[in-house]
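A closer look at the structure
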Amino acid sequence: MSAPGLKRNANSAARLAAVQALYEVDVAGSDSEEVLRTFKDTRWPSFLAELAAEMSENGEEMPELPPPDRRVLRVVVRGVAGRRAELDALITAHLGGVEAFEQLEALTKAILRAATFEIAHSPQVPSGAIVSDYVAIANAYFTENQPRLVNGIVDALGRELRGEKAPSAPLG
């Protein structure tokens, strides 16, 4: 993982933490409430330590990431957990079918579910902030097509669900 594009604010950190939590829920079959209970004290410090070690090995400097905004983290994780079928249907419609969705990596699904939840259920959050943060998260983990895919789907959902006309944010 590389972190240069990640913003250094509590909401962006919460989005990154939510993706980590949702990935764990999906891959390990963990309970979302249990993950939330232990995230701040155990999982977030562990994630930061792993990130620092990886970046050090790559000769990169560890960015200062603030603690995640707990409210944003809870809202996103609980929202995705409670609306997973709805979110998956929205994403699948923009991918062209169930087979394409099923072929996505678990981390890409976590990013798309979190972003789609916020686009659909957090109208007070500007679409540009949502697109920018989740594309930055995708860029931190992937170098190939996933950041472009995240950008395209989340931007299209912003236009569809919020009636937006122009792209929310450029691919970062």
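Conventions used here
Note on numbering: residues in each chain are counted from 1, in written sequence order. Predicted model: local features are reported for residues with pLDDT of at least 70 only, side-chain atom pairs are reported and counted for 80 or more only, and whole-chain, interface and lining totals are derived from all residues. Only hydrogens and water are removed before side-chain values are computed, so all heavy atoms of the structure are retained for them. The rule for a salt bridge is simple: a side-chain nitrogen of Lys or Arg has to be within 4 Å of a carboxyl oxygen of Asp or Glu. Each helix is a run of DSSP H or I of at least 4 residues and each strand a run of E of at least 2, with the numbering of both proceeding from the N terminus. Only protein chains enter the accessibility calculation, which uses a 1.4 Å probe; a residue whose area is less than 20% of its type maximum is buried, one above 50% is exposed, and one in between is partly exposed. For helices, the fitted axis covers only the stretch in contact; all axes are lines through C-alpha atoms, and the angles between them, taken along N-to-C directions, range from 0 to 180 degrees. The labels follow the angle: roughly parallel below 35 degrees, roughly antiparallel above 145, roughly perpendicular from 65 to 115, and oblique for the rest. Should the near helix be turned anticlockwise from the far one by less than a right angle, the crossing is termed left-handed; should it be turned clockwise, right-handed. Residues are treated as being in contact if the distance between any of their heavy atoms lies within 4.5 Å. Here a helix's expected span is defined as the number of its residues, less one, multiplied by 1.5 Å. Note on terminology: a nonpolar core comprises buried Ala, Val, Leu, Ile, Met, Phe, Trp, Tyr and Cys residues joined through side-chain atoms within 4.5 Å.

Once that is clear, we can look at the pattern of salt bridges. All told, the structure shown has nine salt bridges when counted by the stated rule. The partner of Arg-84 in a salt bridge is Asp-26, and the shortest N-O contact between them spans 3.0 Å. Of the two residues, Arg-84 sits in helix H4 (residues 84-95) while Asp-26 sits in helix H1 (residues 10-28), which places them 58 residues apart along the sequence. With relative accessibility at 33%, the residue Arg-84 sits in the partly exposed group. Within the structure, one salt-bridge network assembled from shared partners comprises Asp-26, Arg-84, Asp-88 and Arg-113.

What follows covers the packing of H1 against helix H2 (residues 32-57). With their axes 10 Å apart at the nearest point, H1 and H2 run at an angle of 120° to one another. Considering their axes alone, H1 and H2 lie oblique with respect to each other. For H1 against H2, the interelement crossing comes out right-handed. Taken together, the residues of H2 that come into contact with H1 (itself represented by Ala-13, Leu-16, Ala-17, Gln-20, Ala-21, Glu-24 and Val-25) are Ser-32, Val-35, Phe-39, Arg-43, Trp-44 and Phe-47.

Let us look at H4. Taking 1.5 Å per residue as the helical rise, H4 with its 12 residues ought to reach 16 Å, and the 16 Å between its terminal C-alpha atoms agrees with that figure. Taken together, the buried positions of H4 are Leu-87, Asp-88, Leu-90, Ile-91, Thr-92 and Leu-95. In the core, the buried residues of H4 are packed alongside helix H3 (70-82), helix H5 (98-103), helix H6 (106-121) and helix H8 (146-162). Once H4 finishes, Gly-96 follows within two positions and takes phi at roughly 95°, a positive value.

Val-19, Trp-44, Leu-73, Ile-111, Tyr-134, Val-150 and Val-154 are the most contacted members of the largest nonpolar core, which totals 48 residues. Only H1, H2, H3, H4, H6, helix H7 (127-141) and H8 provide two or more residues apiece to this core. Examining the composition of this core, we find that nine residues originate from one element, H1, more than from any other. Those residues in contact with Tyr-134 that lie beyond four places of it in its chain are Arg-15, Val-19, Val-76, Ile-111, Ala-114, Ala-115, Glu-118 and Val-150.

That is the geometry; function is a separate question.
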